[in-house]
Amino acid sequence: MVIRDFCATFVPDLQQKDSEMSKIPFTKMHGCGNDYIYIDVLQHPIDAPQEAAVKWSDRHKGIGSDGLVLIDKSPDSRADYSMRIFNADGSEAMMCGNASRCIGKYLYERGLTTKTEIHLLTLSGIKVLSLHVKDNIVESVTVDMGEPVFEDKNLFNPILAQSQSLPLALWRGDGGEAGTFVSMGNPHYVIFTEDVDQVGETGRGLEYHPAFPQRCNIEFARIEADGSIRTRVWERGSGITQACGTGACATAVAAFKTGRAGRTSQIVMDGGTLSIEWRESDNHVYMTGPAAFVFDGEAEL
């Protein structure tokens, strides 16, 4: 530090240039309050995204977010771009519906593409984003989330789900009915209950239950008088979040599967509402919702 300060007296902009080299431009965006930090790694590569996710996501000492999203070129010629997403605890997620919508808006409104249909490579496969544009503004995005999966031994062990290592009440909704496991490229366990606010009390324990070898996202859902579904989410690696796109899809699928709703549902989450359709013609789940810019800035690595 002494040498650096001494040199700076002769080269006044040395410290400024050195500081500029260590800063990464970012954009903060959210989908229904599910907020992430977005980095265009085509222009600004990051060597340790796990560490950056933990540091920057801190809501008291960092930028504040549910995690970090990297936008890059796709190694697969079938996709236009790729996405990697890291939760606030540094763990890497397979997929995020809200982040996918934000990427669509980012790519179009920042002039990186003129396409209104974008193929995005994720760790759970290629997702198709359909942008709904008016006056060059992306007002909403529909994401083809693919087919739901109800059995995956790598994600859910139904035998261990009956374990008494946690109170049975944590596994049951109202009336003693078991929850529903749904994978939307990442694991979800949906519990229908009047007490959706138990999300903080029981979500953490269920995330780490041995029935979920790779941990799990937990949804607490309630059917409202108008037919909408009030849902709160404990998101794997991030805790309680304002919204979860894959969680909204899993909830809608579980509601139809258990006879609580039709194939189209309005999922009302803490940060906003998502429209979910489980289409009979192709068995795919389609999610439609908004995306928004929050601010741009520079972050130190």
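Residues numbered from 1 in each chain as written. Predicted model: local features only at pLDDT ≥ 70, side-chain atom pairs only at ≥ 80, totals over all residues. Heavy atoms only, no water.

**Describing the confidence of the model for the protein**
Thought 1: For the protein, per-residue confidence averages 90 on the pLDDT scale, and 88% of positions sit at 70 or higher.
Thought 2: Below pLDDT 50 for its whole length, residues 1-11 participates in 6 contacts with residues either more than four positions away or in separate chains. (pLDDT = per-residue confidence, 0-100. Contact = heavy atoms within 4.5 Å.)

**A look at the pattern of salt bridges**
Should their charged atoms come close, side chains of opposite charge can pair.
Thought 1: Counting across every chain of the model gives 15 salt bridges.
Thought 2: Asp 35 is paired through a salt bridge with Arg 59; the nearest N and O atoms lie 2.8 Å apart. One end of the pair, Asp 35, is in strand E2 (residues 34-40); the other, Arg 59, is in the loop between helix H3 (49-57) and strand E3 (67-73), and 24 residues separate them in sequence.
Thought 3: Given a relative accessible area of 7%, Asp 35 falls into the buried group.
Thought 4: For Arg 59, a relative accessible area of 47% puts it in the partly exposed group.
Thought 5: A salt bridge links Glu 277 to Arg 279; the shortest N-O distance between them is 3.3 Å.
Thought 6: A single salt-bridge network, built from bridges that share partners, covers Lys 28, Asp 35, Arg 59 and Asp 66. (Salt bridge = Lys/Arg side-chain N within 4 Å of Asp/Glu carboxyl O. Helix = DSSP H or I, 4+ residues; strand = E, 2+ residues; numbered from the N terminus. Buried < 20%, exposed > 50% of the residue type's maximum accessible area, 1.4 Å probe, protein only.)

**Concerning empty space enclosed by the protein**
Thought 1: Inspection of every chain in the model, using the stated rule, returns 2 cavities of 30 Å³ or more.
Thought 2: Here the largest cavity defines a volume of roughly 70 Å³. (1 Å grid on protein atoms, 1.4 Å probe; cavity = no way out; pocket = protein on both sides within 12 Å on 5 of 7 lines; lining within 4 Å. Points joined across faces, edges and corners; volume = space filled by probe spheres on them.)

**Focus on unusual backbone geometry**
Thought 1: One non-glycine residue, Cys 32, lies in positive phi territory at about 55°.
Thought 2: One can find Cys 32 in the loop between strand E1 (23-31) and E2.
Thought 3: In the Ramachandran plot, Asn 136 falls in the positive-phi region, its phi being about 65° despite a non-glycine side chain.
Thought 4: Position of Asn 136 among the secondary structure elements: in the loop between strand E7 (125-134) and strand E8 (137-144).

**Considerations on the layout of surface pockets**
Thought 1: Its volume calculated, the largest pocket comes out at about 200 Å³.
Thought 2: Forming the walls of the largest pocket are 13 residues, and the residues nearest its centre are Ser 57, Arg 59, Ser 65, Ala 88 and Ser 238.
Thought 3: Of all elements in the fold, only H3 and strand E13 (239-241) reach the threshold of two or more residues within the lining of the largest pocket.
Thought 4: Here the residues of the lining of the largest pocket are counted per class, giving 3 nonpolar, 6 polar and 4 charged. (Nonpolar A, V, L, I, M, F, W, Y, C, P; charged D, E, K, R; others polar.)

**Points about the state of the cysteines**
Thought 1: The full count for this structure, using the stated rule, is 0 disulfides.
Thought 2: We note that Cys 32 lacks a disulfide partner, and the nearest cysteine sulfur, in Cys 102, lies 9.1 Å from it.
Thought 3: Judged by its relative accessible area of 5%, Cys 32 is buried.
Thought 4: The thiol sulfur of Cys 102 is not disulfide-bonded, and the nearest other cysteine sulfur, from Cys 96, lies at 8.0 Å. (Disulfide = S-S within 2.5 Å.)

**Quick look at the nonpolar core**
Thought 1: If you look at the biggest cluster of nonpolar residues, it comprises 50 residues, and the most contacted ones within it are Tyr 38 and Ile 276.
Thought 2: If one sorts the elements of this core by residue count, helix H6 (residues 245-257) sits on top with 7 residues.
Thought 3: Excluding residues within four positions of it along the chain, Tyr 38 makes contact with Phe 26, Thr 27, Met 29, Val 69, Ile 71, Asn 98, Ala 99, Cys 102 and Ile 103. (Core = buried A, V, L, I, M, F, W, Y, C linked by side-chain atoms within 4.5 Å.)

**Points about the packing of aromatic side chains**
Thought 1: Evaluated as defined, the whole model comprises 7 aromatic pairs.
Thought 2: Stacked on the ring of Tyr 286, the Lys or Arg Arg 279 has its end atom at 3.8 Å from the ring centre. (Phe/Tyr/Trp six-rings, centres within 6.5 Å; stacked < 30°, edge-to-face > 60°. Lys NZ or Arg CZ within 6 Å of the ring centre and 35° of its normal.)

**Structural notes on the side chain of Ser 57**
Thought 1: Looking at the secondary structure, you find Ser 57 in helix H3.
Thought 2: At 2.6 Å, the side chain of Ser 57 forms a polar contact with the backbone oxygen of Ala 53.
Thought 3: Aside from chain neighbours lying at most four places away, what touches Ser 57 is Ile 37, Ala 52, Gly 64, Ser 65, Asp 66, Gly 67 and Ala 88. (Polar contact = N/O pair within 3.5 Å; in protein donor to acceptor, adjacent residues only side chain to side chain.)

**Focus: the pairing of strand E11 (residues 217-223)**
Thought 1: Burial runs high along E11: 6 of the 7 residues are buried.
Thought 2: Bridging between strand E10 (residues 187-192) and E11 involves 5 bridges; their strand directions are parallel. In the strand pairing of E11, Ile 191 is matched with Phe 220.
Thought 3: Traced from E10 through helix H5 (residues 199-207) to E11, the parallel crossover comes out right-handed.
Thought 4: In the sheet, E11 pairs with strand E12 (residues 229-235) via 6 bridges, with the strands oriented antiparallel. Within E12, the position partnered with Glu 219 by the bridge is Val 233. (Pairing = 2+ DSSP bridges. Right-handed = clockwise from strand over helix to strand, strands pointing away.)

**Focus on helix H4 (residues 97-109)**
Thought 1: Between its terminal C-alpha atoms H4 stretches 19 Å, which fits the 18 Å expected from 13 residues at 1.5 Å a residue.
Thought 2: Most of H4 sits out of view: 12 of its 13 residues are buried.
Thought 3: Where H4 is concerned, the buried positions are Gly 97, Asn 98, Ala 99, Ser 100, Arg 101, Cys 102, Ile 103, Gly 104, Lys 105, Tyr 106, Leu 107 and Tyr 108.
Thought 4: Downstream of H4 by one or two residues, Gly 111 has phi in the positive range, about 75°. (Expected span 1.5 Å × (residues − 1).)

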